[in-house]
Amino acid sequence: MLQGYTYPLSPRGEANLASAPPWNYAGDIVGVEFWTDPAAAEATLPEGLSPDPESSGRVVALFVDWQFSGQNNEYLDPVRSQYREFMVLVDARWKDQPVSWCPYIYVDNDLALARGWVQGFPKKLGAVAQTRVFAAPGSASPTLAAGGRFGASLSAAGRLLAEARVTLRQPAGDPAGLLRPTVNLRHFPRLAVGEYDKPAVHELVMAEFLDQRIADLWTGSAELGLFAAPGEELADLAPVRTGTGFRASMSYTVTGVRRLEA
């Protein structure tokens, strides 16, 4: 019997891209809060979500330098467990609950792409980079202190799609005002003539991040550009103004998602 959690299934079950949860993550984030045209933000929302009337057009862009581990100390194999990611999270409402919706997300690791699709994150391949902090002080590393400066970028298919700059101003203890619970759409199409518009799976889910911890959160000023490219719609969310920039570290565990009923 073939074994595995995701493709490819195999005799020993070791060839699959993503093994079964739990999935554990730790990462450093460079983020920018911004506002786009409310109509552009609303156009990305799936059925079941509505614009948030209190923050219509608000979006958060996240550049993340991740390290992953499952149940077998996978972080000891850094070429497979480390990856970089970019996403945008649009403010929305599910019923009366403020949530965020992820219309676009890019990653540079196929294992992370597979885990993302299972969770409903619409991941595409891209190249993501951000300024890192190192414990040994020096001119090549910013510090987590007022005046610390961070850069980040996203490209895909050889084209620049996003670029950010963040300058830290002060530490912040509570991230609640920056990040909301995330809603995704698990969508797997049907491959049958006459049924292309009848997906095998099409369901809204709430991402569940267990034991979530945020450390070393600093906020400050920010700049962000989103750039047009063939085959991309990210730039349709181009900022009309930016808000808070931030840098933080985060960890959490994923064991499942919660299906949202209409």
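Let us look at the structure shown here. (Residues numbered from 1 in each chain as written. Predicted model: local features only at pLDDT ≥ 70, side-chain atom pairs only at ≥ 80, totals over all residues. Heavy atoms only, no water.)

**Looking at the overall build of the protein**
Link 1 in the chain: Each helix and strand in the protein was counted, giving three helices and 13 strands.
Link 2 in the chain: Rg of the C-alpha trace for the protein: 19 Å, near the compact-globule value of 18 Å for 262 residues, within the 12% margin.
Link 3 in the chain: Each of the three principal axes of the protein carries a C-alpha extent, and together these read 55 × 45 × 35 Å.
Link 4 in the chain: With 262 residues in all, the protein has 45% of them scored as buried. (Helix = DSSP H or I, 4+ residues; strand = E, 2+ residues; numbered from the N terminus. Rg over C-alpha atoms; globule rule 2.2 N^0.38 Å. Buried < 20%, exposed > 50% of the residue type's maximum accessible area, 1.4 Å probe, protein only.)

**Points about the layout of surface pockets**
Link 1 in the chain: Of the volumes computed, that of the largest pocket is approximately 420 Å³.
Link 2 in the chain: Considering the residues around the largest pocket, the lining is formed by 27 residues, among which Thr182, Phe209, Gln212, Met250 and Tyr252 are closest to the centre.
Link 3 in the chain: Top contributing element to the lining of the largest pocket by residue count: strand β3 (residues 82–94), with four residues.
Link 4 in the chain: Among the residues making up the lining of the largest pocket, the classes are represented as 20 nonpolar, three polar and four charged. (1 Å grid on protein atoms, 1.4 Å probe; cavity = no way out; pocket = protein on both sides within 12 Å on 5 of 7 lines; lining within 4 Å. Points joined across faces, edges and corners; volume = space filled by probe spheres on them. Nonpolar A, V, L, I, M, F, W, Y, C, P; charged D, E, K, R; others polar.)

**Regarding the pairing of strand β11 (residues 210–226)**
Link 1 in the chain: Relative to β11, strand β8 (residues 159–171) runs antiparallel, the two being bridged by nine bridges. Bridge assignment links Ala162 to a residue of β11, and that residue is Leu226.
Link 2 in the chain: Direction of pairing for β11 relative to strand β12 (residues 241–254): antiparallel, over a ladder of seven bridges. Within β12, the residue paired with Trp218 across the bridge is Arg247. (Pairing = 2+ DSSP bridges.)

**Digging into a nonpolar patch on the surface**
Link 1 in the chain: A contiguous nonpolar patch, built from Leu2, Tyr7 and Leu9 and spanning about 380 Å² of accessible area, is present on the exposed surface.
Link 2 in the chain: Within the secondary structure, Leu9 is located in the segment before β1 (23–35).
Link 3 in the chain: The class of Leu9 is partly exposed, set by a relative accessible area of 42%. (Patch = residues over 30% accessible without salt bridge, like charges linked within 9 Å, V, L, I, M, F, W, Y side chains within 5 Å. Areas by Shrake-Rupley, 256 points an atom, 1.4 Å probe, with all protein chains shown as cover. Salt bridge = Lys/Arg side-chain N within 4 Å of Asp/Glu carboxyl O.)

**Things to note about the packing of aromatic side chains**
Link 1 in the chain: Scanning the model with the defined rule gives eight aromatic pairs in all.
Link 2 in the chain: An angle of 80 degrees between the planes, with centres 5.6 Å apart, marks the rings of Trp66 and Tyr252 as edge-to-face. A residue pair is termed long-range when its members are at least 10 positions apart, and Trp66 in strand β2 (residues 58–69) and Tyr252 in strand β12 qualify at 186 residues.
Link 3 in the chain: With a relative accessible area of 11%, Tyr252 lands in the buried category.
Link 4 in the chain: Counting every residue linked through ring pairs, the aromatic cluster contains Tyr25, Trp66, Phe68, Phe209 and Tyr252.
Link 5 in the chain: Stacked on the ring of Phe68, the Lys or Arg Arg115 has its end atom at 3.6 Å from the ring centre. (Phe/Tyr/Trp six-rings, centres within 6.5 Å; stacked < 30°, edge-to-face > 60°. Lys NZ or Arg CZ within 6 Å of the ring centre and 35° of its normal.)

**Regarding the environment of Arg80**
Link 1 in the chain: The residue Arg80 is located in helix α2 (residues 78–81) in this model.
Link 2 in the chain: The class for Arg80 is partly exposed, based on a relative accessible area of 41%.
Link 3 in the chain: Along the sequence, Arg80 and Ala114 sit 34 residues apart, while their C-alpha atoms lie 13 Å from each other.
Link 4 in the chain: Beyond its immediate stretch of four places on either side in the chain, Arg80 contacts Asn109 and Leu111. (Contact = heavy atoms within 4.5 Å.)

**Some points on the environment of Glu261**
Link 1 in the chain: Summarising the element assignment, Glu261 is placed in the segment after β13 (257–259).
Link 2 in the chain: A sequence separation of 57 residues divides Glu261 from Leu204, and the C-alpha atoms of the two residues are 7.8 Å apart.
Link 3 in the chain: The residues contacting Glu261, other than those within four sequence positions of it, are Trp94 and Lys95.

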